[in-house]
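Each chain is listed here by its residues.
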Amino acid sequence: MKIIVVSDIHDKYSLIKNIEKELTAADLIIISGDITHFGSDEDAKKIITEIEKYNKNIFAVSGNCDKGRVEEYLKDKNISLHREIKNIPAFNLNISGLGGSITTPIPTPNTYSEDECKKYLGSIEIAPDIFVSHQPPLNTIADKVPNGKHVGSFSIRDFIDKKQPALYLCGHIHESIGKEYYGKTLVVNPGPFKDGFYAVITRNDKGEFLAELKQTRPS
C-alpha cells in the first residue's frame, strides 16, 4: 500500500504536477488541512480538481485557515474525514479525522477549544487505523515552533497515548517536519506542500506503516 500525504497547500498548488508519477501510482491521497489560504469552497475545488487529474482516491480534512464552506465542499464530495470513519475494504483499513485546529494566537476561521477536542476524541471507543488532523499532538516531533516551544494539543496526545492508532497524520506547524513513533503510533507531519514538502507512506508485510519525507521544487 502506498499513501501520498500533503498538508498546508495554502492555495499554492503549482507543484502538484511535479509529483504526478507518485500521485498516479498511489493507492490513496490524504490531505491534512489548510487546503486554501483563508479561501472558499471554490478555491478548494480548484486544488482538489488538480489532484484528481492524477488520482481520485482522496480523503481530506480542513485546516484552521480554511473557511467553513471548505469543509462543506469536502463533505459534499464524500471525501471528508472530519468526525467520520471511512472504511477501505481493499486494505482492511478504517480512517478518521478532525478538521481545524485548536485556538491560535492570531485568529483564524476554523478552530476549536481543547475541551471540544477532548470531548470528541473521548467519544471514540476504538481508534481507527489511521487518524488525520490538521492539529499536531503536544510534545512530539510534529508540534515545535522555531523558538523551541511545543504548541500541539494535549487532548490529541492523550488520544494517541491511550488509543494508539497505527498512523497519525497532521500538519499546521510548518517548521516541525518529522516522523516518529510514540508507542505503536507513527506520527507524521509532512511539512507544507506550498514549499514542496510531502510524505510517502507505505505498509509492509507485517502491517506496519513506514514514512519517507520528501520535497519537490519548481522545475
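The structure under discussion appears in the preceding block.
None of these values were measured; they are calculated from a predicted model.

Scoring rules and cut-offs
Residue indices begin from 1 for each chain and proceed along its sequence in written order. Thresholds applied to this predicted model are a pLDDT of at least 70 for local features of residues and 80 or more for the giving and counting of side-chain atom pairs; totals over whole chains, interfaces and linings are not thresholded and use all residues. Computation of side-chain values covers all heavy atoms of the structure but excludes hydrogens and water. Each helix is a run of DSSP H or I of at least 4 residues and each strand a run of E of at least 2, with the numbering of both proceeding from the N terminus. Based on C-alpha atoms, the radius of gyration is set beside the globule rule, defined as 2.2 Å times the residue count to the power 0.38. Buried means the residue's accessible area, taken with a 1.4 Å probe over protein chains only, is under 20% of the maximum for its type, while exposed means over 50%, and partly exposed covers the values in between. Throughout, a residue-residue contact means that at least one pair of heavy atoms, one from each residue, lies within 4.5 Å. Surface accessibility follows the Shrake-Rupley procedure with a 1.4 Å probe radius. Residue values consider only the protein chains on display as shielding. As used throughout, the charge tally considers Lys and Arg to be positive and Asp and Glu to be negative, leaving His and the chain termini uncounted. Charged side chains are reduced to one point each, which is NZ for Lys, CZ for Arg, CG for Asp and CD for Glu. Take the number of residues in a helix, subtract one, and multiply by 1.5 Å to get its expected span. Throughout this description, a polar contact denotes any pair of N or O atoms lying within 3.5 Å of each other; where both atoms belong to protein, one of them has to be capable of donating a hydrogen while the other can accept it, and for residues adjacent in sequence the pair is counted only when both atoms sit in side chains. A pair of aromatic rings is counted whenever rings of Phe, Tyr or Trp (Trp by its six-membered ring) have centres within 6.5 Å, and the orientation is called stacked for planes under 30 degrees apart, edge-to-face for over 60 and tilted otherwise. Nine residue types can take part in a nonpolar core, namely buried Ala, Val, Leu, Ile, Met, Phe, Trp, Tyr and Cys, and a core is a set of them joined through side-chain atoms within 4.5 Å. When DSSP locates at least two bridges between a pair of strands, those strands are taken to pair.

Novice: Is there a simple way to explain the overall build of the protein chain in this structure?
Specialist: Helices and strands together make up the secondary structure of the protein chain, namely five helices and 13 strands. Compactness check: the protein chain gives a C-alpha radius of gyration of 16 Å against a globular reference of 17 Å for 219 residues, within 12% of the reference. With the principal axes as the frame, the protein chain shows a C-alpha extent of 45 × 40 × 35 Å. In the protein chain, which comprises 219 residues, the proportion classed as buried is 53%. Summarising the internal contacts of the protein chain: among those between residues at least 6 apart in sequence, 62% fall at separations of at least 24. Here the protein chain has roughly 10,000 Å² of accessible surface; of this, 50% comes from carbon and sulfur atoms. Between the mean site of the 28 positive side-chain charges and the mean site of the 30 negative ones, the protein chain shows a separation of 2 Å.

Novice: Explain helix α2 (residues 41-52) to me, please; I cannot follow it from the model alone.
Specialist: Helix length check: α2, at 12 residues, gives a terminal C-alpha distance of 16 Å against a target of 16 Å (1.5 Å per residue), a fit within 8%. Residues Asp 41, Ala 44, Ile 47, Ile 48, Glu 50, Ile 51 and Glu 52 constitute the buried set of α2. Where α2 begins, one side-chain oxygen reaches toward the backbone nitrogen of Glu 42, 3.3 Å away; that side chain belongs to Ser 40.

Novice: Looking at this structure, how should I read the packing of aromatic side chains?
Specialist: The geometry of an aromatic ring pair is captured by two quantities: the separation of the ring centres and the angle between the planes. One pass over the structure, following the stated rule, counts three aromatic pairs. Their ring planes at 20° and their centres at 5.5 Å tell us that Phe 131 and Tyr 168 sit as a pair that is stacked. Of the two residues, Phe 131 is situated in strand β8 (residues 130-133) and Tyr 168 in strand β9 (residues 167-169); the sequence distance between them amounts to 37 residues. Across the pair, Tyr 168 and Phe 131 agree in class, each one buried. For the pair Phe 193 and Tyr 198, a centre-to-centre distance of 6.4 Å together with 75° between the ring planes defines the contact as edge-to-face. Tyr 198 matches Phe 193 in its accessibility class, with the two residues each being buried. Each member of the aromatic cluster is reached from another via a ring pair, and the members are Phe 131, Phe 159 and Tyr 168.

Novice: Even after reading the chapter, I still don't get the nonpolar core, so can you show me in this structure?
Specialist: General note: in soluble globular proteins, nonpolar side chains tend to be found buried as a group. Ranked by size, the top nonpolar core spans 25 residues in total, and within it Ile 4, Ile 31, Ile 35 and Phe 193 carry the most contacts. Contributing elements (two or more residues each) for this core: β1 (2-6), β2 (28-32), α2, β3 (58-61), α3 (68-76) and β12 (197-203). Of the residues forming this core, the biggest block, four residues, is contributed by α2. Listed in part, the 20 residues of the second largest apolar core include Val 61, Ile 95, Val 132 and Leu 169.

Novice: Whenever I open this one, the pairing of β12 confuses me. Can you help?
Specialist: In summary, the side chains of a regular strand alternate between the two faces of the sheet. When β1 meets β12, the two strands line up antiparallel, connected through four bridges. Bridge pairing in β12 links Lys 2 to Thr 202. As paired elements, β12 and strand β13 (residues 209-215) share seven bridges and run antiparallel to each other. Residue pairing in the sheet places Tyr 198 in a bridge with Lys 214 of β13. In this antiparallel pair of consecutive strands, β12 and β13, the connection spans five residues, and Gly 207 shows a positive phi of 85°.

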